[in-house]
Amino acid sequence: MGLRRLKRVPLEQLQPCLLPLPEPGAVFDWSAVFGNGRPVELEVGFGKGGFLVAAAQAEPLVNFVGIEIERALVLYVAGRLVRRRLGNVRLIHGDARQIVARHLPPDSLQAIHVYFPDPWWKRRHRKRRLFTPEFAQGCVRALKPQGRLQVATDVEEYFTEILSLLHGIPALKPVERGRAEAVTSGPCSVITNFQRKALQQGRPVWRAVFEKCQA
Ligand SMILES: C[S@@+](CC[C@H](N)C(=O)[O-])C[C@H]1O[C@@H](n2cnc3c(N)ncnc32)[C@H](O)[C@@H]1O
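K.L.:
Whenever I open this one, the site of the ligand confuses me. Can you help?
P.N.:
Taken together, 18 residues lie around the ligand, and Gly-45, Glu-68, Ala-96, Tyr-115 and Thr-192 are the ones closest in. In this structure, Gly-45 approaches the ligand through a main-chain N or O atom, which is 2.8 Å from a nitrogen atom. Between the ligand and the protein, one listed contact pairs a nitrogen atom with a side-chain N or O atom of Asp-95 at 2.9 Å. Contact with the protein chains covers 92% of the free accessible surface of the ligand, which is 590 Å². Given that more than half its atoms are within 2 Å of the pocket grid, the ligand belongs to the largest pocket. Here the residues of the shell around the ligand are counted per class, giving nine nonpolar, five polar and four charged.

K.L.:
I keep staring at the layout of surface pockets and nothing clicks. Help me out?
P.N.:
Over the atoms a probe the size of a water molecule is rolled, and this reveals where empty space is left. Computed from the structure, the largest pocket encloses a volume of approximately 780 Å³. Around the largest pocket sit 38 residues that line it, and Gly-45, Glu-68, Pro-117, Asp-118 and Pro-119 are the ones nearest its centre. Grouping the constituent residues of the lining of the largest pocket by class yields 20 nonpolar, eight polar and ten charged.

K.L.:
Can you help me understand the packing of aromatic side chains in this one?
P.N.:
Between two aromatic rings, the relevant description is the distance of the centres plus the angle of the planes. By the definition in use, this model includes six aromatic pairs. Geometrically, the ring pair formed by Phe-131 and Phe-135 is edge-to-face, given 5.2 Å between the ring centres and 75° between the ring planes. Here Phe-131 matches Phe-135 in class, with each residue buried. Of note, Lys-197 hangs over the ring of Phe-194, and the distance from its end group to the ring centre comes to 4.4 Å.

K.L.:
Can you help me understand the pattern of salt bridges in this one?
P.N.:
In a structure, side chains of opposite charge can pair up when their charged atoms sit close to one another. Scanning the entire structure with this criterion turns up seven salt bridges. One salt bridge connects Glu-161 with Arg-129, and the closest N-O pair in it is separated by 2.8 Å. One end of the pair, Glu-161, is in helix α7 (residues 156–167); the other, Arg-129, is in the loop between β4 (109–115) and α6 (133–142), and 32 residues separate them in sequence. Arg-129 matches Glu-161 in its accessibility class, with the two residues each being buried. Asp-154 is the salt-bridge partner of Arg-203, the closest N and O atoms lying 2.2 Å from each other. One end of the pair, Arg-203, is in the loop between α8 (193–200) and β7 (205–212); the other, Asp-154, is in the loop between β5 (143–153) and α7, and 49 residues separate them in sequence. The partly exposed category is assigned to Arg-203, whose relative accessible area is 30%. One salt-bridge network, held together by shared partners, links Arg-148, Lys-173 and Glu-211.

K.L.:
Help me understand the pairing of β5, please; the structure alone is not making it clear to me.
P.N.:
Note on strand geometry: in a regular strand, side chains alternate between the two faces of the sheet. Relative to β5, β4 runs parallel, the two sharing six bridges. For Tyr-115, the partnering residue across the bridge sits in β5 and is Ala-152.

K.L.:
Help me out: how do you make sense of helix α3 (residues 50–58) in this one?
P.N.:
Turn by turn, an α-helix covers 3.6 residues, leaving residues three or four places apart pointing in a common direction. Turning to α3, its buried residues are Gly-50, Phe-51, Leu-52, Val-53, Ala-55 and Ala-56. Close packing links the buried residues of α3 with β1 (40–44), β2 (63–68), α4 (71–83), β3 (89–93), β4 and α8.

K.L.:
Help me out: how do you make sense of the confidence of the model for the protein chain in this one?
P.N.:
Parts of the prediction with low pLDDT should not have their coordinates interpreted in detail. In this model, the protein chain carries an average pLDDT of 90, and 92% of its residues clear a pLDDT of 70 or more. The model gives residues 183–188 a pLDDT under 50, and that stretch makes 20 contacts with residues more than four places away or in other chains.

Analysis parameters
- Residues numbered from 1 in each chain as written.
- Predicted model: local features only at pLDDT ≥ 70, side-chain atom pairs only at ≥ 80, totals over all residues.
- Heavy atoms only, no water.
- Near = heavy atom within 4 Å.
- Polar contact = N/O pair within 3.5 Å; in protein donor to acceptor, adjacent residues only side chain to side chain.
- Areas by Shrake-Rupley, 256 points an atom, 1.4 Å probe, with all protein chains shown as cover.
- 1 Å grid on protein atoms, 1.4 Å probe; cavity = no way out; pocket = protein on both sides within 12 Å on 5 of 7 lines; lining within 4 Å.
- Sits in = over half its atoms within 2 Å of the grid points.
- Nonpolar A, V, L, I, M, F, W, Y, C, P; charged D, E, K, R; others polar.
- Points joined across faces, edges and corners; volume = space filled by probe spheres on them.
- Phe/Tyr/Trp six-rings, centres within 6.5 Å; stacked < 30°, edge-to-face > 60°.
- Buried < 20%, exposed > 50% of the residue type's maximum accessible area, 1.4 Å probe, protein only.
- Lys NZ or Arg CZ within 6 Å of the ring centre and 35° of its normal.
- Salt bridge = Lys/Arg side-chain N within 4 Å of Asp/Glu carboxyl O.
- Helix = DSSP H or I, 4+ residues; strand = E, 2+ residues; numbered from the N terminus.
- Pairing = 2+ DSSP bridges.
- Contact = heavy atoms within 4.5 Å.
- pLDDT = per-residue confidence, 0-100.

Put into structure tokens, the structure is as follows:
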């Protein structure tokens, strides 16, 4: 993924945006991380940060956390956040499959955004995929009751598989589903880098929103 050359922000100025993993066996304490008790939303695989940056600007009273496996992208997006003085975002470098399974406090997130999850959508790449039954269960555990899991992809076959996975989880109910010109409602009216590319190239984008049922 090519990164635009931006004037480099020194690493020490990026540090406040970067969130180290907790000790093994421990979960994040969002109030301690952000210094307030505002709602928290997670984006998994934020890429160049199109969604995170725009959503954090649009919703200053919401805290955003992003997980990204590529360190270069984490540093790139941290630079974007520092330049815009956005204090309501923290970035975690690591594999979301492990972080979601091990380190998210239960019933703690208002929303989880997974947009254009990964390049491993083919059946033969199943082992490398982000969206597995374990990942989906981890997301459900971390959502608050009525919290939302929002998914978009331009791969229809993958979308169908994700839908059948999520429909099979009794704690989730479908709220919206369909083709998107733009991801709608709330901070998700924001278009991601991959979504922009897909729409520019005339490829359809598929999106779905599921809500966690009340306990
Ligand atoms: C196709 S890009 C989409 C980026 C962005 N969400 C967008 O819509 O523009 C997928 C992103 O997910 C990241 N990713 C893939 N697997 C991951 C994992 N297991 N944990 C964290 N990030 C992951 C990739 O590094 C990449 O940045």
